[in-house]
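Residue strings, one per chain:
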Amino acid sequence: MMIPEEGKSKEEVLKELKLAQQNDARWEEGRIFSLVFHFSEEHSDLVKSAYNMYIHENGLNPMAFQSLRKFESEVVQMTAFLLNGDDNTVGCMTSGGTESILLAMKTYRDKARKERKKKYFIPEIIIPDSAHVAFLKAGEYFDIKMIHAPVDKTGKVNVKAVERRITPNTIALVGSAPNYPYGTIDPISELSDLAIKYNLNLHVDACVGGFILPWLEKLGENITPFDFRVPGVTSLSADLHKYGYSAKGASVILYRTMDIMKHQLFVSVNFPGGIVMTPGLTGTRPGGAIASAWATLMGLGQNKYLENAKKLSEIVQRMKEGIQAIPELEIVGEPQGPLFAYYSKSPEVNIYAVADLLEEKGWHIDRQQKPASIHFMINPLHEKIVDEYLSDLKEAVSRVKENPNLAKQATAPVYGMLATVPLRGMVESEVRKIVENIYKNTGSNINLEEQNTPDNGLTIIKKLLGYFLKK
Ligand SMILES: Cc1ncc(COP(=O)(O)O)c(C=O)c1O
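Being a predicted model, the structure only gives us computed values, none of them experimental.

Definitions and cut-offs
Residues numbered from 1 in each chain as written. Predicted model: local features only at pLDDT ≥ 70, side-chain atom pairs only at ≥ 80, totals over all residues. Heavy atoms only, no water. Helix = DSSP H or I, 4+ residues; strand = E, 2+ residues; numbered from the N terminus. Rg over C-alpha atoms; globule rule 2.2 N^0.38 Å. Buried < 20%, exposed > 50% of the residue type's maximum accessible area, 1.4 Å probe, protein only. Contact = heavy atoms within 4.5 Å. Near = heavy atom within 4 Å. Polar contact = N/O pair within 3.5 Å; in protein donor to acceptor, adjacent residues only side chain to side chain. Nonpolar A, V, L, I, M, F, W, Y, C, P; charged D, E, K, R; others polar. Phe/Tyr/Trp six-rings, centres within 6.5 Å; stacked < 30°, edge-to-face > 60°. Lys NZ or Arg CZ within 6 Å of the ring centre and 35° of its normal.

A look at the overall build of the protein chain
Item 1. Scanning the protein chain from terminus to terminus reveals 16 helices and 13 strands.
Item 2. Here the C-alpha atoms of the protein chain give a radius of gyration of 23 Å, agreeing with the 23 Å that 2.2 N^0.38 yields for 471 residues.
Item 3. Across the 471 residues of the protein chain, 49% fall into the buried class.
Item 4. Within the protein chain, contacts between residues separated by at least 24 positions form 73% of all contacts whose residues are at least 6 apart in sequence.

Encoded structure:
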């Protein structure tokens, strides 16, 4: 495709954008359980106005746009306050959870190289099996060996197994508050004891929890301690664009002291273009994301966050109770907060077949593989769909039970098989080829109808299944 020679009118372009949206997930109707975090229409108006007001400003040079420097600094301070930091707590804004995590891992690698006076050793970081995939990305990007520690049946990392994995090359431990797959909080205090005993850094991934767990705790919920009150915690990541309800492209990485954060900063004095200093991975930083994050915290204030947390808690409670009332289903582990997953404990009910039937009813379902389960990230839009979802779920479970053939149709066997394919290396190389193809697709117009199958992941694994059946 080429850039049109003559630009189209604003009306035409906007019309095409609108049209392109028609096959996207219907998040406004609460039919999707991830990717979108929506507080209210009124709040979205504020976020959009703030974003628009700063759409051209660039956070790359804090001297040129001192307003952005002030907003970033205040966002960091407010986040540090929420997560019980003190006057020594420092940090910066990033583009999202993944960047915050990448930065923390790079920081610990560079800190270890300096402290241990060994530039070329392969540092090791111990992560729970349930840790977000961004930690694996950090391992690949920064040449850090990520050592996996198992998670027990409560969905939390086994701390004894973590201790057994500590070697002279270990530089840091990781815990999540909560993790993505199960919504459970790792035993951060026990990880902190280990970190102190072995003189290690401890990063807590509170990307999802940072802007929701503190409010739930204030409302009296029993939340496992995870923030700077736990003495061994040296850094925390918390995403504003998740339960902070800011525009996408906004997260915060916090460190206990500048003595740690200084290893994150990039400075170059040799570039012909001048002296460059950047706190994070990117150069240009969107002023809109920074300004709207500040506007979000100022506009919502503690009381609205508290009200929202109460509402979320009630939605989660209703969902969980409804799921547990279905005898074949069970919640995975012991989740805290708005994330959780459920699985089938009955051999007669294939959970992927249940997912297929739910999708037929217009729900966008996130399927997981370990265990085979369905995942939720609850947000306020789900208040209106709880009863409808539970009724569809109940019906889907009965239908799957009555029709064993459903487990052999649609995506059910594909997901089932994929989860059990032993040769993960082959799966990976096939997925790589598929991704390369997606990004090679520059020669022709992308057909939106084709692209927007209900689940793009499904297209990928169907191709994979074809590959394995051929073998
Ligand atoms: C626990 C956790 N950590 C990190 C991330 C990564 O965040 P992002 O998608 O903003 O990069 C996610 C995303 O869902 C997450 O759930």
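The rest of the description comes next.
Topic: the site of the ligand
Item 1. Gly97, Thr98, Asp205, His241 and Lys242 are the nearest of the 13 residues found near the ligand.
Item 2. Between the ligand and Asp239, the relevant distance is 3.5 Å, taken from an oxygen atom to a side-chain nitrogen or oxygen of the residue.
Item 3. Side-chain polar atom of Lys242 to an oxygen atom of the ligand: 2.8 Å apart, as the coordinates give it.
Item 4. The residue makeup of the shell around the ligand, split by class, is 5 nonpolar, 5 polar and 3 charged.

So, the packing of aromatic side chains
Item 1. Within this structure, the stated rule accounts for 14 aromatic pairs.
Item 2. Relative to Tyr245, the ring of Phe39 lies with its centre 5.1 Å away and its plane at 75 degrees, an arrangement referred to as edge-to-face. Taken together, the residues span a long stretch of sequence, with Phe39 in the loop between helix 1 (10-20) and helix 2 (41-53) and Tyr245 in the loop between strand 6 (235-239) and strand 7 (251-255) at a distance of 206 residues. Across the pair, exposure class does not vary: Phe39 and Tyr245 are buried alike.
Item 3. Ring plane angle 5 degrees and centroid distance 5.2 Å describe the contact between Trp215 and Tyr305, whose orientation is recorded as stacked. Remark: Tyr305 occurs in helix 10 (residues 287-324) and Trp215 occurs in helix 8 (residues 213-218); sequence separation between them is 90 residues. Judged on exposure class, the residue Trp215 and its partner Tyr305 are both buried.
Item 4. Three or more aromatic residues joined by ring pairs make a cluster, and in this case those are Phe33, Phe340, Tyr342, Trp363, Phe376 and Tyr389.
Item 5. Between the NZ or CZ atom of Arg31 and the centre of the ring of Trp363, over which it lies, the distance is 3.7 Å.

Description of unusual backbone geometry
Trans is the common state for peptide bonds, and a negative phi is the common state for residues other than glycine.
Item 1. Geometrically, the link from Ala177 to Pro178 is a cis peptide bond, its omega value of -10 degrees lying close to zero.
Item 2. Along the chain, Pro178 falls in the loop between strand 4 (170-176) and helix 7 (188-197).
Item 3. For the bond from Lys370 to Pro371, the omega torsion is 0 degrees, close enough to zero to count as cis.
Item 4. Inspection of the secondary structure puts Pro371 in the loop between strand 12 (366-369) and strand 13 (372-377).
Item 5. Not every positive phi belongs to a glycine, and Asn84 is a case in point at roughly 60 degrees.
Item 6. Along the chain, the position of Asn84 falls in the loop between helix 3 (66-82) and strand 1 (90-94).
Item 7. Of note in this structure, Asp143 is not a glycine but carries a positive phi near 55 degrees.
Item 8. Counting through the fold element by element, Asp143 comes out in the loop between helix 5 (134-142) and strand 3 (145-149).
Item 9. Classification of Asp143 by relative accessible area gives exposed; the value is 52%.

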